[in-house]
Amino acid sequence: MTQFTYQRGAEGDHLDAVEQILHTSFGLTRDSATQRWKDLSTDQLRLLLEDGRPVATLAMLPMGHWFGGRCVGAGGVNAVGVGPADRGGGRARRLMELALRELHDQGVPLSSLYPANDTLYRHCGYERAGARWEAELPLTDLRVDSG
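Source: prediction; values computed, not measured. (Residues numbered from 1 in each chain as written. Predicted model: local features only at pLDDT ≥ 70, side-chain atom pairs only at ≥ 80, totals over all residues. Heavy atoms only, no water.)

Participant: Help me understand a nonpolar patch on the surface, please; the structure alone is not making it clear to me.
Facilitator: A cluster of nonpolar side chains, contributed by Leu 137, Leu 139 and Leu 142, occupies part of the molecular surface with about 340 Å² of accessible area. Mapped onto the fold, Leu 142 is located in the segment after α4 (118–123). (Patch = residues over 30% accessible without salt bridge, like charges linked within 9 Å, V, L, I, M, F, W, Y side chains within 5 Å. Areas by Shrake-Rupley, 256 points an atom, 1.4 Å probe, with all protein chains shown as cover. Salt bridge = Lys/Arg side-chain N within 4 Å of Asp/Glu carboxyl O. Helix = DSSP H or I, 4+ residues; strand = E, 2+ residues; numbered from the N terminus.)

Right, here's the structure in full:
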C-alpha cells in the first residue's frame, strides 16, 4: 500500500528532487530550476513524499492582503509541481489539501495563487477573484478645463 507523507522543508537528496520536479513541470532549464529553488527558503518548500520519494512540491510564501486598511495574513501558493511520471494520480490535489490544512492549523485565514490549472485549484476550494485594470494615455491628450 502506498504511503504518502507531507513534509515541510527539504534538504539533501530531496532538494535534488525539487529541482527535477521544477525542471520538468515548468520547462525550466536545469540552471533555472536550481536558481528557482535557491530563491526560495527551504522552509517555504512543501513536499508530498510517496513511500519516502518526493513526487510533488510547492512553495508556501507568507504574505497578506489589505482589507479596510488592515493586513490579513495569507499563504501564497507558488510553484506547484508534479513530475511527469507521477501525474494523474491526484498527487497535486493531495499536496494542496495538506498545505491548506497546515495554513488552517496555523490560523492563517487566506490563501492565494495565480492558477495555471483551474480544475485542480477549484477542487481545492479556490475561485478566481480580483482584477487589475490599467489605462494609459499621453499627458498631451489631457485637456484642462479652465472654467
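Participant: What am I meant to see in the sheet that holds strand β4 (residues 70–82) here?
Facilitator: In sheet architecture, strand pairing relies on hydrogen bonds along the backbone and comes in two forms, parallel and antiparallel. Across the sheet, five strands lie side by side as β1-β2-β3-β4-β5; this open sheet has mixed pairing. Either end of the sheet is taken by a strand with one partner, and the two such strands are β1 (4–8) and β5 (110–112). Across this sheet, the average inter-strand angle for adjacent strands is 30°, counted without regard to direction. Packing of helix α3 (residues 91–105) onto the sheet brings it into contact with β1, β2 (45–50), β3 (53–67), β4 and β5, and relative to β3 it is tilted by some 45°. (Pairing = 2+ DSSP bridges. Axes fitted to C-alpha atoms, helices over the stretch in contact; angles between N-to-C directions. Contact = heavy atoms within 4.5 Å.)

Participant: Looking at this structure, I do not really get the pairing of β2. What am I missing?
Facilitator: Walk down a regular strand and you will see the side chains alternate between the two sheet faces. Buried residues dominate β2, accounting for six of its six residues. In β2, alternate side chains face the same way, and those of Leu 45, Leu 47 and Leu 49 on one face and Arg 46, Leu 48 and Glu 50 on the other are all buried. Counting the residues between successive antiparallel strands, the hairpin from β2 to β3 contains two residues, one of them, Asp 51, with a positive phi of roughly 50°. (Buried < 20%, exposed > 50% of the residue type's maximum accessible area, 1.4 Å probe, protein only.)

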